[in-house]
Amino acid sequence: MNKNSNLYIVIYSTVMVVVVATLLAVAALALKSRQDANILNEKKEAILASLSLTGQNYDEVIDAFVVNEKGEKIEGQDPIQLLFDLPTAFAEHTLPVFQAQDGRIVVPVSGVGLWGPMWGYVALEKDMNTISGIVLDHAGETPGLGAEVATPKHQAMYKGKTIFEGEEFVSVTLRKGGAKDPKHEVDAISGGTKTSDGVTAMLKTSLGAYLPLLKVSAVAPCCEACAEATECETNKVENNE
Amino acid sequence: MSNKNLKYLTGPFSANNPVIVQILGICSALAVTVQLKPAIVMALSVTAVTAFANLVMSLLRNGLPSRIRIIVQLVVIATLVILVDQVLKAFVYDVSKQLSVYVGLIITNCIVMGRVEAFALGNGPWASFLDGIGNGLGYGLILVVIAFFRELFGAGTLYGFRVIPESWYIAEGGFYSNNGLMLFPPMALILCGCIIWVHRSKNKDLQEK
Amino acid sequence: METLNIFIKSIFIDNMVFAFFFGMCSYIAVSKSVKTALGLGAAVTFVLVMTVPLNYLLYNYVLKADALVQGVDLSFLTFIIFIATIAAFVQLVEMIVEKFSPSLYSQLGIFLPLIAVNCAIMGASLFMQQKVDGGELTSVWQSIVYGLGSGLGWWLAIVMMAAIREKTTYSHIPAALKGPGIAFIITGLMGIAFMIFSGIQF
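Residues numbered from 1 in each chain as written. Chains lettered and ligands numbered in written order. Predicted model: local features only at pLDDT ≥ 70, side-chain atom pairs only at ≥ 80, totals over all residues. Heavy atoms only, no water.

In this section: the overall build of chain C. Helices and strands together make up the secondary structure of chain C, namely nine helices and zero strands. The secondary structure elements of chain C, listed N-terminal to C-terminal, are α-α-α-α-α-α-α-α-α. Here chain C holds 202 residues, and 54% of them are scored as buried. When contacts within chain C are restricted to residue pairs at least 6 apart in sequence, those whose partners lie at least 24 apart make up 77%. (Helix = DSSP H or I, 4+ residues; strand = E, 2+ residues; numbered from the N terminus. Buried < 20%, exposed > 50% of the residue type's maximum accessible area, 1.4 Å probe, protein only. Contact = heavy atoms within 4.5 Å.)

Here's what the structure looks like:
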């Protein structure tokens, strides 16, 4: 048959398309479950990293649930799946919470930086006030400037900061020119003012959404030293008296 | 392996290097040279795609209608790249995130297309396969050299392992500080320019009049 | 304002050449004279303005998970569909220009086949996909603006480069650096100059 006849070209392309399509569909289907597991795993790793529990088994140490805007548990939502679209989750008041075995909790935060979305995970101590760790990430902040929020060096500064002043919620602020208040402020990124302001706003609004939950589950600060949860309970009662 | 075949394999390492002599495939490459690890994965991916694209096209070359030659080449290359991308996403997810869109850009990497056009359509499958591997590795060699300098001077690590001791840094009371500029894209270009400079000083026949 | 931001960012900060090395092969090869650089830049910008929104529509309404049929994820076909769109579009433009404006064809025509394998075109579409997934691009309109900005950024870069290279004809460059060597180093220095734009916002 003539190699340049239309019939030959049509047959050639048809065979080619069928072969290619089959090959790709088989490969995509075969590898899909592994790929999805990887994406899920990345979220789980970030949650564990904020708790400084990297390397542990997520399913063993984390108990995830969803609360509404009043801090009450609600059923029927998968906490991990909500992480894939946090802005919607916040708008619909379906707030995922990840609780570690030792009583610390991790809440996701979501906001906007200079160029695009930012998100992260904030781990709080049992008093629901002290930050135990934080993981921040971004879609497209400027490398070397705004993108510094995603570095361990920047994130280490949040550890030990508190989000309440007495009873009042103050969140944590990124201050340009260096932190002045050792309890509620960290250094802003030099050259990344807009990104820093974005992080400040993100922490304030996202953590603010969890306020009712934080107030309910806060354990009195005196109990931090307690080894047993039961002792805490008794101490709490005594304090109230 | 015969001498001729050996030449197909080793020619692209220096005298006929795709990046610094043929000036091909720079597009998708330099951005992945901030660290060694993504550079090596990228080099291996390109080698695999070039080798198999050459092999497949060499096998198809006798039945190939010349009117749809280019589109058939694109389809074969794109298919191979998708396979590589799927495998990377499934097995080395963190690296595939670092490479981001650059995996997809292997499709338009001029090395792949260039080798298929210039070599595979006129040579047998085995020679084409070797030519593909040679060009992929020649390309990878440049990536690795650039990534070596950028990671070493930019971050003080190699393949993620610390090479320059922590105690040397100013923050720890030492005298040393990383050169942050190394991590920015322009330094990849300047380093590549310097490699060409050194290479052409040694190979005078490549110099432009 | 967000749309203006996308525009400014894609020209100056995320410049195709200086930030991502896209289209380097033709950038180095065709930047020897300002006239040809202008021609190729115009062709690239035109193709980008057309193919980015085209691929945006394809990605959003056909390829994305659940876009075509609930539960079907065709995103693994993204690469092949994007390159096919680009190749077909370039072919189409070539045929139309050849038929209706032979004078334009003689000026622009030689660049068109080069464009299908110009990574700037494919790169812009792939970045568009990433930005859609990341929520940065939300409408066809914004994808057109992104395509236009990327094209203008590339155009600007290649014309500036050609102007500098015309001047370097009179410089005493070491023999081994002549040609691509010095071109890379100039591009690197231009990239450093472009870094002053990072962080600006409107």
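Right, picking up where we left off after that structure.
On to the overall build of chain A, then. Scanning chain A for helices and strands turns up eight helices and ten strands. Counting every position in chain A, which comprises 241 residues, the buried fraction comes to 46%. Surface summary for chain A: the accessible area is close to 12300 Å², and the carbon and sulfur share equals 56%. (Areas by Shrake-Rupley, 256 points an atom, 1.4 Å probe, with all protein chains shown as cover.)

Okay, the packing of aromatic side chains next. Aromatic ring pairs are defined here through the distance separating the ring centres and the angle between the ring planes. All told, the structure shown has 18 aromatic pairs over all chains when counted by the stated rule. Pairing B:Phe52 with B:Phe129 gives two aromatic rings, centres 5.5 Å apart and planes at 70 degrees, and the pair type is edge-to-face. Taken as a pair, B:Phe52 in helix α2 (residues 36–60) and B:Phe129 in helix α6 (residues 125–155) lie far apart in primary sequence, 77 residues in all. Overall, B:Phe52 belongs to the partly exposed group, its relative accessible area being 39%. With 6.3 Å between their ring centres and 40 degrees between their planes, C:Phe46 and C:Phe89 make a pair best called tilted. Linking C:Phe46 in helix α3 (residues 34–63) with C:Phe89 in helix α4 (residues 78–100), this pair joins segments that are 43 residues apart in sequence. Seen from the ring of A:Phe84, A:Lys43 lies directly overhead, with NZ or CZ sitting 5.0 Å from the centre. The lysine or arginine in question, A:Lys73, covers the ring of A:Phe65, its NZ or CZ lying 4.3 Å from the ring centre. (Phe/Tyr/Trp six-rings, centres within 6.5 Å; stacked < 30°, edge-to-face > 60°. Lys NZ or Arg CZ within 6 Å of the ring centre and 35° of its normal.)

Our next topic: the pattern of salt bridges. Inspection of the entire model under this criterion finds eleven salt bridges over all chains. Ionic pairing is found between A:Asp102 and A:Arg104, a salt bridge with its closest N-O pair at 3.0 Å. Judged by relative accessible area, which is 12%, A:Arg104 ranks as buried. In this structure, the salt-bridge partner of C:Asp14 is C:Lys131, at a minimum N-O distance of 4.0 Å. Here C:Lys131 lies in helix α7 (residues 119–133) and C:Asp14 lies in the loop between α1 (2–13) and α2 (24–30), a separation of 117 residues in the sequence. C:Lys131 shares its class with C:Asp14; the two are buried. (Salt bridge = Lys/Arg side-chain N within 4 Å of Asp/Glu carboxyl O.)

So, about the nonpolar core. The biggest cluster of nonpolar side chains holds 131 residues, and the ones touching the most others in it are B:Met42, C:Phe22, C:Met24, C:Tyr27, C:Ile115 and C:Trp154. Discounting residues that sit within four places of it in the chain, C:Ile115 has contacts with C:Leu40, C:Ala43, C:Val44, C:Val47, C:Val90 and C:Ile121. A:Val97, A:Ile131, A:Leu136 and A:Leu203 belong to the second largest nonpolar core, which has 50 residues in total. (Core = buried A, V, L, I, M, F, W, Y, C linked by side-chain atoms within 4.5 Å.)

This next bit is on the interface of chain C and chain B. Contact with chain C, which involves 39 residues of that partner, is made by 42 residues of chain B. Across the interface of chain C and chain B, roughly 3400 Å² is buried in total on both sides, 82% from carbon and sulfur atoms. Among the residues of chain C in contact with chain B, C:Phe21, C:Phe79 and C:Phe184 are the three that bury the most area, contributing 21% of the side total. Linking chain C to chain B there are zero salt bridges. Counting every contact that joins chain C to chain B gives zero residue pairs in polar contact (both at pLDDT 80 or more). In terms of residues, the side of chain C that touches chain B owes the most to one element, helix α9 (residues 180–194) of chain C, which gives nine residues. The class makeup of the residues in the side of chain C that touches chain B is 30 nonpolar, eight polar and one charged. (Buried area = accessible area lost by both parts, 1.4 Å probe. Polar contact = N/O pair within 3.5 Å; in protein donor to acceptor, adjacent residues only side chain to side chain. Nonpolar A, V, L, I, M, F, W, Y, C, P; charged D, E, K, R; others polar.)

So, on to the confidence of the model for chain A. Averaged over every residue, the pLDDT of chain A is 81; the share at 70 or more is 88%. Per-residue pLDDT stays below 50 along residues 221–241 of chain A; that stretch engages in eleven contacts with residues further than four places along the chain or on separate chains. (pLDDT = per-residue confidence, 0-100.)

Here the focus is the sheet that holds strand β1 (residues 62–67) of chain A. Residue and element names in this part refer to chain A. Pairing in this open sheet of six strands is antiparallel, and the strands run β2-β1-β3-β4-β5-β6 from one edge to the other. Two strands close off the open sheet at either side, each with one partner strand: β2 (73–74) and β6 (131–138). Here eight bridges tie strand β4 (residues 105–112) to strand β5 (residues 117–124), and the two strands are oriented antiparallel to one another. Counterpart to Ile105 in the pairing with β5 is Leu124. In the packing of helix α6 (residues 193–209) onto the sheet, the strands contacted are β3 (95–100), β4, β5 and β6, and the crossing angle to β4 comes to about 130 degrees. (Pairing = 2+ DSSP bridges. Axes fitted to C-alpha atoms, helices over the stretch in contact; angles between N-to-C directions.)

Moving on to the packing of helix α3 (residues 69–91) of chain B against α4(C). Packing of α3(B) against α4(C) leaves a shortest axis separation of 9 Å and a crossing angle of 155 degrees. Our classification of the angle between α3(B) and α4(C) gives roughly antiparallel. For the crossing formed where α3(B) meets α4(C), the hand is right-handed. Between α3(B) and α4(C), the contacting residues are B:Ile71, B:Leu74, B:Val75, B:Ala78, B:Thr79, B:Val81, B:Ile82 and B:Asp85 on the first element and C:Phe79, C:Ile80, C:Ile83 and C:Ala87 on the second. Taken together, the residues of the contact of α3(B) with α4(C) sort by class into ten nonpolar, one polar and one charged. (Parallel < 35°, antiparallel > 145°, perpendicular 65-115°, else oblique. Left-handed = near helix turned anticlockwise from the far one by under 90°.)

The next thing to look at is the pairing of β6(A). Residue and element names in this part refer to chain A. The element β6 is largely enclosed, with a buried count of seven among its eight residues. Both β5 and β6 contribute to a ladder of seven bridges, which runs antiparallel. Bridge pairing in β6 places Tyr121 opposite Val135. Between β5 and the antiparallel strand that follows it, β6, lie six residues; Met128 among them carries a positive phi value of about 55 degrees.

Turning our attention to the confidence of the model for chain C. All names here are of chain C. Summing up the model confidence of chain C, the mean pLDDT is 85 and the portion of residues at 70 or higher is 93%. Ranking the elements of chain C by mean pLDDT puts helix α6 (residues 112–116) last with 70 and helix α8 (residues 140–168) first with 93. The complex model carries a pTM of 0.79, and its ipTM stands at 0.84.

Turning next to α7(C). The first and last C-alpha atoms of α7(C) sit 21 Å apart over 15 residues, in line with the 21 Å expected at 1.5 Å per residue. Positive backbone phi, at 80 degrees, marks C:Gly135, one or two positions downstream of α7(C). (Expected span 1.5 Å × (residues − 1).)

Residue and element names in this part refer to chain C. Remark: α1 packs on α8, axes separated minimally by 7 Å, with the N-to-C direction vectors making an angle of 25 degrees. By the angle between their directions, the pair α1 and α8 is classed as roughly parallel. Crossing of α1 against α8: the hand is right-handed. Contact with α1, carried on its side by Glu2, Thr3, Ile6, Phe7, Ser10, Ile11 and Phe12, involves Trp141, Gln142, Val145, Tyr146, Leu148, Gly149, Ser150, Leu152, Gly153 and Leu156 of α8 and no other residues of that element. Of the residues assigned to the contact of α1 with α8, the class counts are ten nonpolar, six polar and one charged.

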